[in-house]
Amino acid sequence: MIEGDRLILRDCRLLTGEQVDIQVEEGRIAAIAPQLPREAPRELNVQGHLVSPPLVESHIHLDSALTAGEPRYNQSGTLFEGIQIWGERKPQLTRADVKQRAMATLKQLASQGVLFVRTHVDVSTPDLTALQTLLEVREAIQDCMTLQVVAFPQDGIYGEVQTAELLEEALKLGADVVGGIPHYELTREDGVRSVHRIFELAQQYERLIDIHCDEIDDDQSRFLEVVAACAIRSGLGERVTASHTTAFGSYNNAYANKLMGFLRRSQINFVANPLINITLQGRTDTYPKRRGITRVKELWQNGLNVSLGQDCIQDPWYSLGTGNMLDVAYMALHVCQMTGIEEINACYDMVTTHGAKTLQIEDNYGLEIGKPANLIIWQADSKFEVLRRRPPVRYVMVRGRLIAQTQPAITTWELEGKRLNLEPSNH
Ligand code: 17E
Ligand code: FE2
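Presented here is a report on the structure given in the accompanying data block. (Residues numbered from 1 in each chain as written. Chains lettered and ligands numbered in written order. Predicted model: local features only at pLDDT ≥ 70, side-chain atom pairs only at ≥ 80, totals over all residues. Heavy atoms only, no water.)

1. Re the overall build of the protein
Okay, step 1: Within the protein, the secondary structure is distributed over 13 helices and 18 strands.
Okay, step 2: The globule rule puts the C-alpha radius of gyration for 427 residues at 22 Å, and the 22 Å found for the protein is close to it.
Okay, step 3: The dimensions of the protein, computed from C-alpha atoms along their principal axes, are 65 × 50 × 45 Å.
Okay, step 4: The burial tally for the protein puts 59% of its 427 residues in the buried class.
Okay, step 5: In the protein, the share of contacts with a sequence separation of at least 24, taken over all contacts with a separation of at least 6, comes to 75%.
Okay, step 6: Summed over all atoms, the accessible surface of the protein reaches about 17800 Å², with 48% contributed by carbon and sulfur. (Helix = DSSP H or I, 4+ residues; strand = E, 2+ residues; numbered from the N terminus. Rg over C-alpha atoms; globule rule 2.2 N^0.38 Å. Buried < 20%, exposed > 50% of the residue type's maximum accessible area, 1.4 Å probe, protein only. Contact = heavy atoms within 4.5 Å. Areas by Shrake-Rupley, 256 points an atom, 1.4 Å probe, with all protein chains shown as cover.)

The following block contains the structure:
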């Protein structure tokens, strides 16, 4: 175990390709330069591997994680059956249950290099058990991970009488972000009203906004324009995030092109969740079948900030998931056809720096002098190679402390009696 006070990481490869040493003092990055003089008591030889800022999970639901099959599995594979099953599981939530599953999921994430997480937590409940638990978890893990809690009314702000109040109560209790789900409000008018209410609350309590927006294949689901308009008028801009926005993939191009201009003006962030939405969406299509993902490539080409999330790990919406952000980036790369080299590199950015921008944590994120020494090390030499091979994260470091390491798999061959040991980096 390497202690946090003083340390030099030797022979690091940065994402820019530069070869440098990195000096850590009292948990912060003190110097980045080629061949720093030997003066730290401890050294870690990185052997030319890639040193990156940590992965960022910008959209997950920790309250429902690890509940797949409880009380039953999702047979239709739709968002709506998922909401129904979750509605059956919700009455069984206790603090101990939520805490155990959230901590287990966070540990999965941290061991794979994710140190910054934004979780949505359902507040459409009779009480705020899950929300209060996640706020406690946020404090309990703060020395290791940064957790942002979104107060998320899964059944709509106006679906039941008490939810609007519970949403506000969640903010009073300390939720970091106001959430919403306008496409699931009972009427279009309620959806519009819910977006206005979310902006009102965000301004009153000085919180960020992250709305589940237009997560449906309906080309008439158009709450994104309402979110953009509110972001422009309020000036909240980059403090606002639109999650999912899968209907954007179904809009006609005439409307989509007009909207893109408004989105550029708004400067809001986008989160796509390709693993989930490639399975949830398109369920009412026969063939041709839609891909159920927002216009990630075009948003990125228009200079808008797009990050990626897992959304689910083993829950009523998605029974798979291992906490690996590279699975998410890899799926995005394929489904959005981002196969050009710059596009592949951008998919890596979407689970790192772009996620940090969505979370508005850039002041504490990145490999820069003075910032906390939070970093991960890949046995690979470029973003491209990380995504092509998807190796495990070799080292995870928090404020100069090594908190997790994973040994690479070694393949052993037996060929005509000779043993060959192949380095996994040769694959
Ligand atoms: N709730 C929702 O509205 N949409 C989702 N994709 C999940 C939960 C996972
Ligand atoms: Fe979600």
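2. Side note on the site of ligand 1
Okay, step 1: Close to ligand 1 lie His61, Leu79, Phe152, Gln154, Ile181, His212, Glu215, His244, Leu280, Asp311, Cys312 and Trp317.
Okay, step 2: One of the side-chain nitrogen or oxygen atoms of glutamate 215 is found 2.7 Å away from a nitrogen atom of ligand 1.
Okay, step 3: In the environment of ligand 1, a nitrogen atom lies 2.7 Å from a nitrogen or oxygen atom belonging to the side chain of aspartate 311.
Okay, step 4: When ligand 1 sits alone it has 260 Å² of accessible area, and the protein chains cover 100% of it.
Okay, step 5: The cavity where ligand 1 resides is the largest cavity.
Okay, step 6: For the shell around ligand 1, the residue count by class is six nonpolar, four polar and two charged. (Near = heavy atom within 4 Å. Polar contact = N/O pair within 3.5 Å; in protein donor to acceptor, adjacent residues only side chain to side chain. 1 Å grid on protein atoms, 1.4 Å probe; cavity = no way out; pocket = protein on both sides within 12 Å on 5 of 7 lines; lining within 4 Å. Sits in = over half its atoms within 2 Å of the grid points. Nonpolar A, V, L, I, M, F, W, Y, C, P; charged D, E, K, R; others polar.)

3. Concerning the sheet that holds strand S10 (residues 208-213)
The strands making up a sheet associate through hydrogen bonds between their backbones, and the pairing can be parallel or antiparallel.
Okay, step 1: The eight strands are arranged S6-S7-S8-S9-S10-S11-S12-S13 in an open sheet whose pairing can be described as parallel. Two strands bound the open sheet, and with one partner strand each, they are strand S6 (55-60) and strand S13 (305-308). Averaged over all pairs of adjacent strands, the angle between their axes in this sheet comes to 20°, without regard to strand direction.
Okay, step 2: Where strand S9 (residues 177-180) and S10 come together, four bridges link them in parallel fashion. Bridge pairing in S10 places glycine 179 opposite aspartate 210. (Pairing = 2+ DSSP bridges. Axes fitted to C-alpha atoms, helices over the stretch in contact; angles between N-to-C directions.)

4. Digging into the side chain of aspartate 21
Okay, step 1: Inspection of the secondary structure puts aspartate 21 in strand S2 (residues 19-25).
Okay, step 2: With relative accessibility at 6%, the residue aspartate 21 sits in the buried group.
Okay, step 3: In contact with aspartate 21, other than residues within four places in its own chain, are Ile8, Leu9, Arg10, Asp11, Ala31, Ile32, Ala33, Pro34, Gln35 and Leu36.

5. Description of the pattern of salt bridges
Okay, step 1: On inspection of all chains with the given rule, the structure shows 24 salt bridges.
Okay, step 2: The salt bridge partner of arginine 89 is glutamate 70, with a shortest N-O separation of 2.7 Å. Taken as a pair, arginine 89 in helix H1 (residues 79-89) and glutamate 70 in the loop between S6 and H1 lie far apart in primary sequence, 19 residues in all.
Okay, step 3: One network of salt bridges, with partners in common, ties together Arg10, Asp21, Arg38 and Glu43. (Salt bridge = Lys/Arg side-chain N within 4 Å of Asp/Glu carboxyl O.)

6. A closer look at empty space enclosed by the protein
Okay, step 1: Applying the stated rule across the entire model yields two cavities of 30 Å³ or more.
Okay, step 2: Space inside the largest cavity adds up to approximately 80 Å³.
Okay, step 3: Taken together, His61, Leu79, Phe152, Gln154, His212, Glu215, His244, Ile276, Leu280, Asp311, Cys312 and Trp317 form the lining of the largest cavity.
Okay, step 4: A breakdown of the residues in the lining of the largest cavity according to their chemical character gives six nonpolar, four polar and two charged.
Okay, step 5: Empty space within the second largest cavity amounts to approximately 30 Å³.
Okay, step 6: For the lining of the second largest cavity, the residue count by class is four nonpolar, three polar and two charged. (Points joined across faces, edges and corners; volume = space filled by probe spheres on them.)

7. Looking at the environment of proline 71
Okay, step 1: Here proline 71 lies in the loop between S6 and H1.
Okay, step 2: Spatially, the C-alpha atoms of proline 71 and tryptophan 86 are 8.7 Å apart, while their sequence positions differ by 15 residues.
Okay, step 3: Excluding residues that lie within four positions of it along the chain, proline 71 makes contacts with Ile85, Glu88 and Arg89.

8. With respect to the coordination of the iron ion (ligand 2)
Okay, step 1: Surrounding the iron ion (ligand 2) are the protein donor atoms His59 (NE2), His61 (NE2), His212 (NE2), His244 (NE2) and Asp311 (OD), at 2.2 to 2.7 Å.
Okay, step 2: We note that the donor set of the iron ion (ligand 2) lies within a single chain, spaced as H-x1-H-x150-H-x31-H-x66-D. Here histidine 212, found in strand S10, pairs with aspartate 311, found in the loop between S13 and helix H10 (325-335); they are 99 residues apart in sequence, far enough to count as distant.
Okay, step 3: Note on histidine 212: relative accessible area 3%, which makes it buried.
Okay, step 4: Looking at aspartate 311, the relative accessible area reads 3%, which means it is buried. (Donors = N, O, S within 2.8 Å, 3.2 Å for Na, K, Ca; no water.)

9. A look at helix H5 (residues 188-205)
Okay, step 1: The terminal C-alpha atoms of H5, which comprises 18 residues, lie 26 Å apart, in line with the 26 Å expected from a rise of 1.5 Å per residue.
Okay, step 2: Among the residues making up H5, those that are buried are Asp190, Gly191, Ser194, Val195, Arg197, Ile198, Phe199, Leu201, Ala202 and Tyr205.
Okay, step 3: For H5, the secondary structure elements touched by its buried residues are helix H4 (163-173), S9, S10, helix H6 (223-234) and strand S11 (240-244).
Okay, step 4: At the exit of H5 stands glutamate 206, carrying a positive phi of roughly 55°. (Expected span 1.5 Å × (residues − 1).)

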